[in-house]
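Each chain is listed here by its residues.
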Amino acid sequence: LLTGDGGDDVFLGYPRHRFLAQAQWLARRTPSPILAAGRWTAGNLIGRIGGRAGRAVSFGSYAAGGLGPFLRVKEGWRWYERLTLLGPRLRDQLPASRSVPGTTASARNSLSEYLRHARQHQFVSEYLVKVDGSTMWYGLEARSPLLDQELWEYGASLPPSIHFHGGHLKSVLRAIARRRLGDRVGSGRKRGFEIPVQRWLARDWYPLLQSTLHGSTLTSEGWIAPAALERVLSQARGAERIPTQLWYLFVLELWLREHRP
């Protein structure tokens with residue numbers, strides 16, 4: 001079977017690509033001293049302001065600093081820190097993204113730096129590993145034609161003005177799809193493949209979530225703080241959606257029970 005892996009990544013189909021292109025455009029037109037001041041200001045405000053103002057601060061952080069601030073804004077680790085969920089075994093640990101510095105040079109090349117980072121990390125350890133494991137489980141052979149090396153190199157050579165032509169994400173791939181598959185496909189809205197675990201956990205699965213994480217291996221071994229976890233679970237009761245980060249803990253706990261002696 002053929003997969004669509006890489007289509008959004010090669011031809012820039014995610015909103016984050018447009019945000020980074022806009023941040024890069026701004027950084028290239030802003031004097032270096034102002035970018036340095038912006039990095040300091042945004043670094044002190046991130047996480048303290050919510051809503052639209054918080055999103056503006058986040059954008060300003062990677063417009064002034066590039067890849068490092070962008071990774072720190074997007075990492076899920078901040079959620080666990082904010083709710084004091086990290087136990088003693090994790091409290092002093094830092095994700096690798098925290099060590100990527102924010103610089104003026106990175107700000108002025110933030111889109112290309114992010115694409116290189118994604119190619120070296122997400123595809124190696126996440127996307128293709130997931131597809132390979134799931135297809136092998138069912139005895140299928142999968143190929144990802146959109147990750148062809150020459151195609152990727154061609155996509156990387158195109159300027160953002162081509163990728164976002166007409167204000168659309170992945171405009172090149174959409175143009176090809178309209179030509180080959182018709183306007184319904186080429187102009188259709190983006191549809192992801194996520195399963196609605198946030199709603200499932202909030203409804204039918206909530207008792208299972210609570211019983212699994214109550215007195216869990218994660219808390220007994222010091223990975224997650226038990227009192228904080230109980231508080232977060234109690235606050236999530238009755239919600240329409242459960243935070244994805246609790247889904248991660250739920251899956252990790254089940255994995256530990258299955259594979260640890």
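Please refer to the structure placed before this passage.
Quantities reported herein were computed from a predicted structural model and do not represent experimental measurements. (Residues numbered from 1 in each chain as written. Predicted model: local features only at pLDDT ≥ 70, side-chain atom pairs only at ≥ 80, totals over all residues. Heavy atoms only, no water.)

S.K.: Would you mind going over the overall build of the protein chain in detail, with residue names and values included?
M.R.: For the protein chain, the count of helices and strands is 18 helices and zero strands. Referenced to the eigenvectors of the C-alpha coordinate spread, the extents of the protein chain come out at roughly 55 × 55 × 35 Å. Relative to its 261 residues, the protein chain shows a buried fraction of 37%. Within the protein chain, counting contacts between residues at least 6 apart in sequence, those at least 24 apart form 75% of the total. Of the roughly 16,100 Å² that the protein chain leaves accessible, carbon and sulfur atoms contribute 57%. (Helix = DSSP H or I, 4+ residues; strand = E, 2+ residues; numbered from the N terminus. Buried < 20%, exposed > 50% of the residue type's maximum accessible area, 1.4 Å probe, protein only. Contact = heavy atoms within 4.5 Å. Areas by Shrake-Rupley, 256 points an atom, 1.4 Å probe, with all protein chains shown as cover.)

S.K.: I'd like a rundown of the packing of helix α15 (residues 206–213) against helix α17 (residues 226–236), residues and numbers included.
M.R.: Between α15 and α17, the least distance of the axes is 11 Å, while the angle of their chain directions is 170°. Here α15 is positioned roughly antiparallel relative to α17, judged by the angle of their axes. In this structure, α15 contributes Y206, L209 and L213 to the contact, and α17 contributes L229, L233, S234 and A236. Residues that form the contact of α15 with α17 fall into these classes: six nonpolar, one polar and no charged. (Axes fitted to C-alpha atoms, helices over the stretch in contact; angles between N-to-C directions. Parallel < 35°, antiparallel > 145°, perpendicular 65-115°, else oblique. Nonpolar A, V, L, I, M, F, W, Y, C, P; charged D, E, K, R; others polar.)

S.K.: Quick rundown of the side chain of T135? Include the residues and the values.
M.R.: One can find T135 in helix α9 (residues 122–137). The exposure class assigned to T135 is buried, which follows from its relative accessible area of 8%. Those residues in contact with T135 that sit more than four places away from it in its chain are L140 and A142.

S.K.: I'd like to hear about the packing of aromatic side chains, residue by residue, with values.
M.R.: Summed over the entire model, instances satisfying the criterion amount to seven aromatic pairs. An aromatic cluster is built from F59, Y62, F70 and Y114, whose rings are joined through pairwise contacts. (Phe/Tyr/Trp six-rings, centres within 6.5 Å; stacked < 30°, edge-to-face > 60°.)

S.K.: Which residues make up unusual backbone geometry, and what values do they have?
M.R.: Unusually for a residue other than glycine, L12 sits at a positive phi of about 60°. By secondary structure assignment, the location of L12 is in the loop between α1 (7–10) and α2 (15–27). Phi at T84 is positive, roughly 50°, even though this residue is not glycine. The residue T84 is located in the loop between α6 (77–82) and α7 (104–107) in this model.

S.K.: So what about a nonpolar patch on the surface? Which residues, and what values?
M.R.: On the surface, L1, W137, Y138 and L140 cluster together to form a nonpolar patch covering roughly 550 Å² of accessible area. Following the sequence through the fold, W137 ends up in helix α9. (Patch = residues over 30% accessible without salt bridge, like charges linked within 9 Å, V, L, I, M, F, W, Y side chains within 5 Å. Salt bridge = Lys/Arg side-chain N within 4 Å of Asp/Glu carboxyl O.)

S.K.: How would you summarise the environment of L213 if you had to cite specific residues and measurements?
M.R.: Note on placement: L213 falls in helix α15. Since its relative accessible area comes to 0%, L213 is described here as buried. Along the primary structure L213 and G139 are separated by 74 residues, whereas in three dimensions their C-alpha atoms are 34 Å apart. Residues within four places of L213 in sequence aside, it is in contact with L218, L229, L233, L246, L249, F250 and E253.

S.K.: Any chance you could break down the nonpolar core for me, citing the residues and the numbers?
M.R.: Counting 24 residues, the largest nonpolar core has L85, L209, L213, L229, I242, L246 and L249 as its most contacted members. Among the secondary structure elements, those contributing two or more residues to this core are α6, α14 (197–202), α15, α17 and α18 (244–259). Broken down by element, this core gets its largest block of residues, five residues, from α17. One finds L20, F70, L71 and Y114 within the second-largest nonpolar core, a separate group that totals 15 residues. (Core = buried A, V, L, I, M, F, W, Y, C linked by side-chain atoms within 4.5 Å.)

S.K.: Describe helix α8 (residues 110–120), with residues and values.
M.R.: When α8 is considered as a whole, its buried residues turn out to be S110, L111, E113, Y114, L115, H117 and A118. Buried residues belonging to α8 abut α1, α2, α5 (67–74), α7, α9 and α11 (160–163).

S.K.: Talk me through the side chain of T3; I want residue IDs and the actual numbers.
M.R.: Position of T3 relative to the elements: it lies in the segment before α1. Within the structure, the side chain of T3 is placed 3.0 Å from the side chain of D5, a separation counted as a polar contact. Beyond its immediate chain neighbours, meaning those up to four positions away, T3 contacts V131, A142, R143, S144 and P145. (Polar contact = N/O pair within 3.5 Å; in protein donor to acceptor, adjacent residues only side chain to side chain.)

S.K.: Go over the pattern of salt bridges, please, and point to the residues and values.
M.R.: Scanning the entire structure with this criterion turns up seven salt bridges. The partner of K170 in a salt bridge is D8, with the nearest N and O atoms 2.9 Å apart. Within this pair, whereas K170 is found in the loop between α11 and α12 (171–181), its partner D8 is found in helix α1, the two being separated by 162 residues in sequence. When its relative accessible area of 16% is taken as the criterion, K170 is described as buried. Looking at D8, the relative accessible area reads 12%, which means it is buried.

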